[in-house]
Amino acid sequence: MATFHTRSAARLMMAPSVLLLFAWMIVPLATTIYFSTLNYNLLSPGDHAFLGITNYQYFLTDPAFFDALINTLLLVGGVLFITIIGGIGFALLLDQQIYGQGIVRILAIAPFFVMPTVAALVWKNMFMNPVNGLFAYFFRLAGMEPLDWLASIPLFSIIIIVAWQWLPFATLILLTSLQSLDEEQKEAAEMDGASAFSRFIYLTLPHMARAITVVILIETIFLLSVFAEILVTTNGGPGTDSTNLTYLIYSQALLQFDIGGASAGGIVAVILANIVAIFLVRIVGKNLEA
Amino acid sequence: MGSITIRNVSKTFGEAKVIPNIDLEINDGEFVVFVGPSGCGKSTLLRLIAGLEDVSGGQILIDGKDVTEAAPAERGLAMVFQSYALYPHMSVRNNIAFPLKMANMDQALINKKVEGAAKVLNLTDYLDRRPGQLSGGQRQRVAIGRAIVREPSAFLFDEPLSNLDAALRGTMRLEISDLHYQLKTTMVYVTHDQIEAMTMADKIVVLNRGNIEQVGSPLELYKSPRNLFVAGFIGSPRMNLIEGDYARSKNAKTVGIRPEHLLPSKQSGLWRGTVTVAEHLGADTFLHANVDGLGPITARVDGEFGVKHGETVYLTPDESKLHRFDDKGLALGPALTGA
């Protein structure tokens, strides 16, 4: 099929979309890099003096930057941990033959369809509220002082909210993988004397490795840019306790009106995301081959 | 050690009664083949013996011990699956070692056994490959290797050769027969291919709709089928079954004559027919002829017997080889010339 003619025709026909995608990426990147070198504050209109790397120096030496970096990693890592472990558990449960299987599956997948702002508001007001929240009710029922989730453990609270949203995604991907496991292999392992636990470790888990990789890659991409959940619950606070990189850049640009500084932060975030991506592809991407 | 007794075993899936009631004795060291058309319950029966399905009634005994409620691993049987069911992420070595590892055997002993099995099965050069990098025949041997390292009391084969091409099937048939000769372990083998059944078995169990139609050695089944089903199922090409006046003249509802027991002639004979298809296999030719008054008849004739489509051929049955059946389809005594 791949003759010289079809190949050159394919290149020719792909060219417009490649050019479009390239421009789509390069123009905003170039603009951001350009802004990051200017003294560009919305409160002082007029002349935007060229500053060189000063914006970067300010952003990187800002104590909030280091906090945000740690928070971002904790948020991504925490959510990944909960969704992978929980997703495997739910997938194993949903794989069982039960009455009303279809409805249970739809219910389990529902949180994924709730938009982030709504999900975060529901959690904030209905579950985590220290006065009216359901959790507070349980705490009082147990005779304890209600916990003010968003004030005392803000980052962990956000991890719970985001994990709740992403758990269905992980469950769904892992469930499909689980269902593609050959029945005869399970039976062979059973004949070979493997206990249910051994079958899970030696057969099911290796079979799901590829699906787990897919979940990690896709979730990481989205979790690095979590924003709405933080905006509607804690506003990054108290202090910088629940500020991630995305939220820090937002506050730099639209709360402090420092476009230059925010652009520098954006470039730093792009570089960090690429470092994470390289590591991920190196470490887990191997699973996607063969 | 490896006798299996099946006593009054039945199996139902919901409403469907797959196996109504079966009694069967498999002796130690025997090569038993379950054969029958698709959906006859032969695989189900094997899975009941393996413990992969629960029986709905009756008992299964292995070496005299009741294992009806025992888990598959406790029965001391090894199974080779149709799809081979190798573990795709493990090397050949780990695949073969898996049952030993699950039995918490000493690593040095495991290595010794795996290498021994690999040697027997010509897999030594492939031990570090993954199943995905092997050919169909090699995968089949790995599956057998995984079964033999356990030193089971009996091997169960579930249509193990159906995914192989014709040439390889012939080779593997010989290898499995040879393996049985070497190990002298009981083997229970399920197939729908009667050539596998005839060539490998000590004892063939013909199943139809969950019932045993006949149990016997290959030649017994060939020479004296107990009923019409077995007569039609065993033998290739199929036995010609004839009803009507000719059968009545032999005092039977139906008479059967195997294609190889028809004497062909171009000049004269008992039956006159027109050749519809002549399948030339070299040594033999299968003649499909339309015989006047009887309908289509198949004859197995010498390869040199030159007839073509549309030509006339005369066929004479060897009456000492006739099979006679009554109106219930049961065989009527030795098939000698009737009254």
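Residues numbered from 1 in each chain as written. Chains lettered and ligands numbered in written order. Predicted model: local features only at pLDDT ≥ 70, side-chain atom pairs only at ≥ 80, totals over all residues.

A tally of regular secondary structure across chain B gives nine helices and 18 strands. Its C-alpha atoms put chain B at 75 × 45 × 35 Å along the principal axes. Across the 339 residues of chain B, 40% fall into the buried class. In chain B, 62% of the contacts between residues at least 6 apart in sequence involve partners at least 24 apart. (Helix = DSSP H or I, 4+ residues; strand = E, 2+ residues; numbered from the N terminus. Buried ≥ 20, exposed ≤ 12 C-beta atoms within 10 Å, placed from the backbone. Contact = placed C-beta atoms within 7 Å.)

The subject of this paragraph is the sheet that holds strand β14 (residues 271-280) of chain B. Residues and elements named next belong to chain B. Strand order in the open sheet formed by five strands is β13-β17-β14-β15-β16, with antiparallel pairing between adjacent strands. Looking at the sheet topology across the chains shown, the edges are occupied by β13 (262-265) and β16 (295-302). Across the sheet, the mean angle separating the axes of adjacent strands is 45° when strand polarity is ignored. With seven bridges connecting them, β14 and strand β15 (residues 284-291) associate as antiparallel partners. Bridge assignment links histidine 280 to a residue of β15, and that residue is threonine 285. (Pairing = 2+ DSSP bridges. Axes fitted to C-alpha atoms, helices over the stretch in contact; angles between N-to-C directions.)

Moving on, we get to helix α3 (residues 63-94) of chain A. A turn of α-helix holds 3.6 residues, and therefore any two residues three or four places apart point the same way. Residue and element names in this part refer to chain A. Relative to the 46 Å expected for 32 residues at 1.5 Å per residue, α3 spans 45 Å between its end C-alpha atoms, a close match to the ideal helical length. Those residues of α3 lying buried are Ala68, Asn71, Thr72, Leu75, Val76, Val79, Thr83, Gly87, Ile88 and Ala91. Those residues of α3 that are buried are in contact with α8 (154-179), α10 (196-223) and α12 (245-255). (Expected span 1.5 Å × (residues − 1).)

Residues and elements named next belong to chain B. Residues of β15 alternate between two faces, with Thr285, Leu287, Ala289 and Val291 buried on one and Asp284, Phe286, His288 and Asn290 left unburied on the opposite face. Sheet topology places β15 next to β16; eight bridges connect them, and they run antiparallel. Residue histidine 288 lies in a different strand from β16, and its bridge partner there is threonine 298.

Chain A puts 13 residues into the contact, and the matching count from chain B is 15 residues. Within the residue set of the side of chain A that touches chain B, elements represented by two or more residues are α9 (183-191) and α10 of chain A.

Moving on: the domain arrangement of chain B. Split by domain assignment, chain B resolves into domain 1 (4-228) and domain 2 (237-325). Taken over C-alpha atoms, the centre of domain 1 of chain B sits 38 Å from the centre of domain 2 of chain B. (Domains from an automatic or database assignment.)

All names here are of chain B. Pairing in this open sheet of four strands is antiparallel, and the strands run β2-β1-β4-β5 from one edge to the other. Bordering the open sheet on either side are β2 (16-26) and β5 (65-66), each of which pairs with just one other strand. Where strand β1 (residues 4-13) lies against strand β4 (residues 57-62), five bridges are found, and the strand directions are antiparallel. What sits directly across from arginine 7, in β4, is glutamine 59.

Turning to the nonpolar core, a few remarks are in order. The nonpolar side chains of a soluble globular protein tend to be buried with one another. Formed by 98 residues in total, the largest nonpolar core has its most connected members in Val33(B), Ile49(B), Met79(B), Ala143(B), Leu156(B), Val188(B) and Tyr189(B). Residue-level mapping places this core at the junction of two domains, with at least three residues from each of domain 1 (4-228) and domain 2 (237-325) of chain B. When near neighbours in sequence (up to four residues on either side) are disregarded, Met79(B) contacts Ala188(A), Met191(A), Ala50(B), Ala147(B), Leu156(B) and Asp158(B). Judged by nonpolar contacts, the second largest core, of 43 residues, contains Ile88(A), Leu167(A), Met208(A) and Leu248(A). (Core = buried A, V, L, I, M, F, W, Y, C linked by C-beta atoms within 7 Å.)

This next bit is on the packing of helix α2 (residues 92-102) of chain B against helix α3 (residues 107-120) of chain B. Residues and elements named next belong to chain B. α3 packs onto α2 with a crossing angle of 130° between their chain directions and a minimal axis gap of 10 Å. On the basis of the axis angle, α2 is oblique to α3. You can see that α2 and α3 cross each other, and the crossing is right-handed. Two secondary-structure elements touch here, α2 through Arg93, Ile96, Ala97, Leu100 and Lys101 and α3 through Ile110, Lys113, Val114 and Ala117. A per-class count over the contact of α2 with α3 returns six nonpolar, no polar and three charged. (Parallel < 35°, antiparallel > 145°, perpendicular 65-115°, else oblique. Left-handed = near helix turned anticlockwise from the far one by under 90°. Nonpolar A, V, L, I, M, F, W, Y, C, P; charged D, E, K, R; others polar.)

Below, the discussion takes up unusual backbone geometry. Residues and elements named next belong to chain B. At the junction of serine 236 and proline 237, the peptide bond is cis and its omega measures out at 0° in the coordinates. In this fold, proline 237 is placed in the loop between α8 (228-233) and β11 (240-243). Even without glycine at this site, asparagine 8 takes up a positive phi of about 55°. The residue asparagine 8 is located in strand β1 in this model. One non-glycine residue, glutamate 159, lies in the positive phi region at around 40°.

All names here are of chain B. The terminal C-alpha atoms of α3 lie 20 Å apart, and with 14 residues this matches the ideal 20 Å at 1.5 Å per residue to within 8%. Of the residues making up α3, those classed as buried are Ile110, Val114, Ala117 and Ala118. For α3, the arc enclosing every buried residue in end-on projection is 100°, short of the 170-degree limit, so these residues lie on one face. Along α3, exposed side chains directed more than 90 degrees from the buried face belong to Ala108, Leu109, Lys112 and Lys119. On its buried face, α3 is in contact with α2 and α4 (136-148). Directly after α3, the chain includes asparagine 122, whose backbone phi takes a positive value near 60°. (Arc of directions from axis to C-beta.)

Residues and elements named next belong to chain B. Sheet topology note: the strand β3 (residues 31-35)/strand β9 (residues 203-208) ladder contains four bridges and is parallel. Residue phenylalanine 34 lies in a different strand from β9, and its bridge partner there is valine 205. Note: β9 against strand β10 (residues 211-216), five bridges, orientation antiparallel. Bridging from a neighbouring strand, valine 206 pairs with glutamine 214 of β10. Between the end of β9 and the start of β10, which pair antiparallel, lie two residues, with arginine 209 showing a positive phi angle near 50°.

Working note: a packed helix pair is described by the angle between its axes plus the distance between those axes. Residues and elements named next belong to chain A. As a packed pair, helix α2 (residues 54-61) and helix α13 (residues 259-283) sit with axes 8 Å apart at the nearest point and diverge in direction by 70°. By the angle between their axes, α2 is roughly perpendicular relative to α13. Contacts between α2 and α13 involve Asn55, Tyr56, Tyr58, Phe59 and Leu60 from the first element and Gly260, Gly261, Ala264, Gly265 and Val268 from the second.

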